[in-house]
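Structural characterization, general
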Amino acid sequence: MSAGDMRHAGINLGATDQETHDQAEPEVFGFWIFLMSDAVTFALLFAVYGTMLGATVGGPTAASAYKIGPTFAETVILLTSSFTFGMGSIAMKHGESNRVLLGWLAATLILGLAFLGLELQDLATMIRDGAVPMRSGFLSSFFALVPLHGVHVLAGCLWLIVMMVQVLIFGRDARVKINLLRLGLFWHFLDIVWIAIFSVVYLQGLIR
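About the criteria used
Residues numbered from 1 in each chain as written. Predicted model: local features only at pLDDT ≥ 70, side-chain atom pairs only at ≥ 80, totals over all residues. Heavy atoms only, no water. Helix = DSSP H or I, 4+ residues; strand = E, 2+ residues; numbered from the N terminus. Buried < 20%, exposed > 50% of the residue type's maximum accessible area, 1.4 Å probe, protein only. Contact = heavy atoms within 4.5 Å. Areas by Shrake-Rupley, 256 points an atom, 1.4 Å probe, with all protein chains shown as cover. pLDDT = per-residue confidence, 0-100. Patch = residues over 30% accessible without salt bridge, like charges linked within 9 Å, V, L, I, M, F, W, Y side chains within 5 Å. Salt bridge = Lys/Arg side-chain N within 4 Å of Asp/Glu carboxyl O. Expected span 1.5 Å × (residues − 1). Axes fitted to C-alpha atoms, helices over the stretch in contact; angles between N-to-C directions. Parallel < 35°, antiparallel > 145°, perpendicular 65-115°, else oblique. Left-handed = near helix turned anticlockwise from the far one by under 90°. 1 Å grid on protein atoms, 1.4 Å probe; cavity = no way out; pocket = protein on both sides within 12 Å on 5 of 7 lines; lining within 4 Å. Points joined across faces, edges and corners; volume = space filled by probe spheres on them.

1. Some thoughts on the overall build of the protein
Within the protein, the secondary structure is distributed over six helices and zero strands. Starting at the N terminus and ending at the C terminus, the protein contains elements arranged as α-α-α-α-α-α. Out of the 208 residues belonging to the protein, those deemed buried represent 44%. A separation of at least 24 residues holds for 81% of the contacts in the protein among residues at least 6 apart in sequence. Just so you have it, the protein exposes about 9800 Å², and 70% of that area is on carbon and sulfur atoms.

Next comes the structure, spelled out in structure tokens:
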């Protein structure tokens, strides 16, 4: 494999396309700033949830409202989607065909949509059982935090579709590479947030 095949804006495991790398630095840094601001938003919602966990006013509690089985399945699916996106990044890095890259992106999209489907089903079950946001401060804080993450995953799925179209139309020029790099940061960030949700919200809630 030639050095040219090893060039990539963000995964410098060989020869680096210096022009693309220089172009990527300020744009990726700016996207990191956005992710940090998003992290602050989630941190505030986690703090609110923590203070409201006991504010059930006689309504459903975390232990009675949460179902660990579907939530664990959602966790496995979302973590697997991080793996498939990582494989797509490696395919781009090593100059694999567009077909291989698009295959990994499509797999990530399918897993993201499967996660959303299970999460919507889980939330619908809670609502059907009377665990609605208006019932208590605890449920209000839960529905402020968890569905917000789902909205982010939905945005990531739409972004995946846009990037697949861009790869088909423009190939893998510098702009497409940088956009895929930023999407990768966003997608992995959502996995980190979900691990926090699974650990702090669901696992901790079940033992209270």
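2. Comments concerning the confidence of the model for the protein
For the protein, the mean per-residue pLDDT works out to 87, and 88% of the residues sit at or above 70. Between the elements of the protein, mean pLDDT differs from a low of 85, seen in helix H1 (residues 18-52), to a high of 96, seen in helix H5 (residues 137-170). For residues 1-6, every residue scores under 50 in pLDDT, and the model assigns this stretch eleven contacts once sequence neighbours within four places are set aside.

3. Overview of a nonpolar patch on the surface
Residues Leu154, Leu158, Ile161, Val165, Leu168, Ile169 and Phe170 make up a contiguous nonpolar surface patch of about 700 Å² in total accessible area. Inspection of the secondary structure puts Leu154 in helix H5. Classification of Leu154 as partly exposed rests on a relative accessible area of 42%.

4. Description of H5
The terminal C-alpha atoms of H5 lie 49 Å apart, and with 34 residues this matches the ideal 50 Å at 1.5 Å per residue to within 8%. Phi turns positive, to about 75°, at Gly171, one or two residues after H5.

5. Some points on the packing of helix H4 (residues 98-128) against helix H6 (residues 174-206)
Between two packed helices, what matters for the description is the angle formed by their axes and the separation of those axes. At a closest axis distance of 14 Å, the pairing of H4 and H6 adopts a crossing angle of 30°. Between H4 and H6, the crossing angle belongs to the class labelled roughly parallel. Considering how the two elements wind past one another, H4 and H6 form a crossing that is left-handed. Across the interface between the two elements, Leu101, Leu105, Thr108, Gly112, Phe115, Glu119 and Asp122 from H4 touch Leu180, Trp187, Trp194 and Tyr202 from H6.

6. Some details on empty space enclosed by the protein
Taken as a whole and judged by the stated rule, the model has one cavity of 30 Å³ or more. Its boundaries defined by the atoms lining it, the largest cavity holds a volume of some 40 Å³. Broken down by secondary-structure element, the contributors of at least two residues to the lining of the largest cavity are helix H3 (68-93) and H4. Counting residues per element, the lining of the largest cavity draws most heavily on H3, which supplies four residues.

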